[in-house]
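Working through the structure, step by step
Given next are the chains, with one letter for each unit.
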Amino acid sequence: MNFTTSKLVPIRRSDNSSFVGGRGVTSLILCAIFLVSLVTVDWDASVFHDGGISSVILILQGMVELDLSPEFLGIAIEASWITITYAFAAISLAMVIAVPISFVASGSLFESVISKIVGISMIRVLLAVIRSIHELIWAWLLAIALGFTPTAGVMALAIPYSAILARVFADFLNDVPDSPLNALRSSGASPFQVLIYGRIPLAAKDILSYAFYRFECCLRSAAVLSFIGLQGIGYQIMVSLDDVNFGQVWTLLIFLVAMVVLIDHWGSQIRRNLFS
């Protein structure tokens, strides 16, 4: 009778060590930051407004006293359409800027290792600087240069969103499988041809999905930038808040939520029809 010698499998302790050295340290750091923030915040009674409870009651009362008059509904529809047009203009401009930059940021067009490292590093640092500045800051800077106009608002949205899109699109292009790319390279395809016929078709679904997600974010940002000339739903919300008319505010918020939901549904339908 033959007996096969079985190899003893050593007990691995990497799980515990990885937890202690990786996730455990991260958890401790996050807990320490949380505790420091609790101690740092001024929890005096002055933090809370004396009339806060009555203000909350007025705000909640506006939920059951929506302004659904035909005149105000017409204003809400017009403001919603203006917001959509500004957001669409901004995200379209951002896409035009982001797509070619993402080709360079992914390193797909570089042949030598040195040029690839230098090119990727320079582009990604520039994108990090641009997207680290909030669109509100860009709005103020552009408003000083161009005036408080809708053009300044659209550009204030397009600049940071183009950097965000370029950074994420570059990651999508880098994350495609290597097998199809190697097949193209073995057939003599250049880096540009590999990008056009290999990386872009494989990453198109993720790129389109993320673009629609950013369109939703851009729509909300367009509502915030009403103070520099975007006469959209954000401007109407500001006017209603100044008039302490919370019934109108809630009506406009419902329109804003409906816009985001409809765009999300529209994006899902387009992705399903293109990639089904």
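Structure's up top.
Let me sum up the structure you'll find in this document. (Residues numbered from 1 in each chain as written. Predicted model: local features only at pLDDT ≥ 70, side-chain atom pairs only at ≥ 80, totals over all residues. Heavy atoms only, no water.)

It is worth spelling out the overall build of the protein at this point. Scanning the protein from terminus to terminus reveals ten helices and zero strands. Listed by position from the N terminus, the elements making up the protein come as α-α-α-α-α-α-α-α-α-α. Out of the 276 residues belonging to the protein, those deemed buried represent 33%. Surface summary for the protein: the accessible area is close to 17,300 Å², and the carbon and sulfur share equals 69%. (Helix = DSSP H or I, 4+ residues; strand = E, 2+ residues; numbered from the N terminus. Buried < 20%, exposed > 50% of the residue type's maximum accessible area, 1.4 Å probe, protein only. Areas by Shrake-Rupley, 256 points an atom, 1.4 Å probe, with all protein chains shown as cover.)

Before going further, it helps to examine helix α5 (residues 135-146). An ideal rise of 1.5 Å per residue puts 16 Å on twelve residues; α5 measures up with 15 Å between its terminal C-alpha atoms. Within α5, the full set of buried residues consists of Glu135, Trp138, Ala139, Leu142 and Ala143. Buried residues in α5, looked at end-on, bunch into an arc of 135 degrees, giving them a common side. With respect to the buried face of α5, the exposed residues turned more than 90 degrees away are Ile144 and Ala145. On its buried face, α5 sits against α4 (113-132), α6 (150-174) and α8 (191-224). The positive-phi residue at the C-terminal boundary of α5 is Gly147, with phi of around 95 degrees. (Expected span 1.5 Å × (residues − 1). Arc of directions from axis to C-beta. Contact = heavy atoms within 4.5 Å.)

Before going further, it helps to spend a moment on the state of the cysteines. Following the criterion strictly, the structure yields zero disulfides and no others. No disulfide involves Cys217; its sulfur sits 8.6 Å from that of Cys218, the nearest cysteine. On the basis of relative accessible area, Cys217 is assigned to the buried category, the value being 8%. (Disulfide = S-S within 2.5 Å.)

Attention shifts here to the side chain of Ser240. Following the sequence through the fold, Ser240 ends up in helix α9 (residues 233-242). By relative accessible area, which is 2% here, Ser240 ends up buried. In this structure Ser240 touches Phe72, Asn245, Gln248, Val249 and Leu252, once residues within four positions along its chain are discounted.

Take the pattern of salt bridges next. All chains considered together, the criterion is met by two salt bridges. Ionic pairing is found between Asp171 and Arg167, a salt bridge with its closest N-O pair at 2.4 Å. With Asp171 and Arg167 both in helix α6 and four residues apart, this pair spans about one turn of that helix. Take Arg167: its relative accessible area is 24%, and that puts it in the partly exposed class. (Salt bridge = Lys/Arg side-chain N within 4 Å of Asp/Glu carboxyl O.)

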